[in-house]
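Chain and residue survey
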Amino acid sequence: MWSSRLFWKLFLVYAGLNIASAIVFVLIVSGRQQSQVVEQVQQRLHDSAVIMRSSMDDVFQQGLTEHLQDKVKKLGALTGTRLTLIDMDGIVIADSDQATLEMVRGMENHRNRVEVIQAISTGSGTSERISPTLSEPMLYYAMLFEENGQPAGVVRAAITMAKIQKEVSSVEKLIWSIAFLVSLTVMFITYWVVARMIRPLTILTNAAESIAGGDYDQKLYFPQQDELGILAQSFNHMSQEMAERVRQLQASGDRLGTVLEGMVEGVIATNEHQHVLFANESAGRLLFFSPEEAQGKPLFESVRNHQLQKAVTEVLNTLEPRRMEVELESTSDRILGVTTTPLPGDPCPGLVIVLFDMTELRRLESLRQEFVANVSHELKTPLSSIKAYTETLIRGAMDDPKISQTFLLRIEEQAERLHELIMDLISLASIESGNQVFDIVSIELRPFVEACLVDQQKVAESKNIELLIEEKEPGIKMKADEEGLHQILGNLINNAIKYTPDQGKITIRWLCEDSHTVLLQVQDTGIGIEEKYQARLFERFFRVDKARSRELGGTGLGLSIVKHLVQSLNGTIGVTSKVGEGSTFSVRLPRG
Ligand code: ADP
């Protein structure tokens, strides 16, 4: 309250007005009172003159007498006034303020006194002046005295101004005291009223300041039913609304923050000076910077990429969104898709950069292109052979039964190659698409492997290759799809036979690696694989020696199909090999 400037302003204005009006009131009242006192005194003087005139007969004819002087002195004492009798010649014949007759005689002629002149000419006269006789300010009243119908003299009553002043000043003192007391009371009332008016405003101001400072839990209660009461209600309603809005804003901000942080795409928001307002973890990961440290700093202090910087500057200048691809060569071979969009507002307050990693997409694209090129090439070779043999036959070779027999066999061979290639492609596409339905069952390995070997036996025998089974413990089972496992084992044994010279040995062994996994190995004593090629063996169309593979009827898709099948059956595949000594392919699948 004491610190409220409004309080002091209002209080001082009201107090000033109060004091000013009290002073004006006192001045008017005391002026009026003074003239009233003078009027009353004049009336008293008039009454005294009348009393004196009525109590005396023929005084002016008798002239100065001891008797008259005594009488006038007594009357003067009785009325509290100075009484003077003056004849028409201005000679004073009695004066209540003179002690002896001799002193009266000694008084100067009063003919020229203002009030005496007025009384002689009009019947009565007044004047306020310093008495030459008594040498002090006095109020005079003079009245013409008639005897036997003729003007005989003047009766004069007078009173000293000091007496009147004393009377006036005592009344004035009273008025000032009353005015002071009234002012004091009014001041107290003003203080109370202003304080009562200011208190709600102070409370309101404090509450508004608290809200501005972020404390929205402000409730006001004014018991008044007037505008202040309504104001308090409106204020409470407003603060509640505001608290709710702020809560909603915070919640949506948090939600947005969570969404942005959870995004795979990198998001960076900058102001118009390219200072980072926000950056999520993904942005930091993609551009190799710390979002926390970059906050509030120029973006390109943390991210050194000329292409991106150029794009951001361009967008801020043109205010047109931009899409582009940025290659991060210095740090990695990453390709980023970047969308830069200006934030709405005039002037533009900044921009948002969205980054997404396109490296994998581009890799897959190039793999696809490579695959198409490989497939076309693989298809072209047998097709060209078929076409050449057919054309030769049509052009006359058909007539030679021996040649046509050989050519037709070649055509059949190439057609078979084509068929195998297409079947492998279909099989690979089906496994890769994830549409192939596997019937996972528990398979006992011994009978299963033996059955597989029966299919391969003939080819192995033709090369004098020995097919061996090594079972560490009987009754081991594997969880797999029968057809899938047959294809896996078939391909591995087939490769082993293909890449093992005559008189070689192929061993198929299996064992329980732990309580969950069964290890199935196909080991050969073949040509082996150089270490540098081992990691690429499972890629589509990869062949160490293309010509040899083709000669042996390989498509280059066998191991790729095996790898996809093993992965689909929740297993892994690996290879160990030594050139000239042989290779071992190891498949790990769940125990049955
Ligand atoms: P292909 O139809 O050519 O055999 P695969 O995908 O089955 O295709 O095999 C890919 C390549 O891996 C083969 O061309 C061959 O060079 C090599 N390879 C596969 N199995 C063996 C093995 N047991 N011994 C040596 N090399 C092998």
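A brief report on the enclosed structure follows. All values reported here derive from a predicted model rather than from experimental measurement.

Take the packing of aromatic side chains next. In this structure the tally under the stated criterion is nine aromatic pairs. Arranged with centres 5.8 Å apart and planes meeting at 90°, the rings of Phe11 and Tyr191 form a pair that is edge-to-face. You can see Phe11 sitting in helix H1 (residues 5-54) and its partner Tyr191 sitting in helix H6 (residues 161-212), a full 180 residues away along the chain. For Phe11, a relative accessible area of 12% corresponds to the buried category. Seen from their ring centres, Tyr533 and Phe542 are 5.9 Å apart, and the 45° between their planes marks the pair as tilted. The exposure class of Phe542 is buried, given its relative accessible area of 14%. Cluster of aromatic residues (ring-pair linked, three or more members): Phe7, Trp8, Phe11 and Tyr191.

By the definition in use, this model includes 22 salt bridges. For Arg156, the salt bridge goes to Glu115, with nearest N and O atoms at 2.8 Å. Here the residue Arg156 occupies a position in strand E5 (residues 150-160), and Glu115 occupies one in helix H5 (residues 114-122), the gap between them amounting to 41 residues. Under the relative-accessibility criterion, Arg156 is labelled buried at 1%. Of the residues examined, Glu115 reaches a relative accessible area of 0% and is grouped as buried. For Arg543, the salt bridge identified is with Glu378, shortest N-O distance 2.2 Å.

Looking at the element boundaries, Gln274 is found in the loop between strand E6 (266-271) and strand E7 (276-279). Apart from the residues lying within four places of it in its own chain, the contact partners of Gln274 are Lys297, Pro298, Leu299, Phe300, Val312, Thr313 and Leu316.

As a further point, take the packing of helix H15 (residues 482-498) against helix H18 (residues 558-568). Running from N to C, H15 and H18 cross one another at 145°; their axes reach a closest spacing of 9 Å. Like other packed secondary-structure pairs, H15 and H18 cross with a definite hand, here left-handed. Touching Gly484, Gln487, Ile488, Asn491, Leu492 and Asn495 of H15 are Gly558, Leu559, Ile561, Val562, Leu565 and Val566, all from H18. The residue inventory of the contact of H15 with H18, partitioned by class, reads seven nonpolar, five polar and no charged.

Reading the values: the criteria
Residues numbered from 1 in each chain as written. Predicted model: local features only at pLDDT ≥ 70, side-chain atom pairs only at ≥ 80, totals over all residues. Heavy atoms only, no water. Phe/Tyr/Trp six-rings, centres within 6.5 Å; stacked < 30°, edge-to-face > 60°. Helix = DSSP H or I, 4+ residues; strand = E, 2+ residues; numbered from the N terminus. Buried < 20%, exposed > 50% of the residue type's maximum accessible area, 1.4 Å probe, protein only. Salt bridge = Lys/Arg side-chain N within 4 Å of Asp/Glu carboxyl O. Contact = heavy atoms within 4.5 Å. Axes fitted to C-alpha atoms, helices over the stretch in contact; angles between N-to-C directions. Left-handed = near helix turned anticlockwise from the far one by under 90°. Nonpolar A, V, L, I, M, F, W, Y, C, P; charged D, E, K, R; others polar.

Honestly, that's just the spatial picture; any functional story needs more than this.
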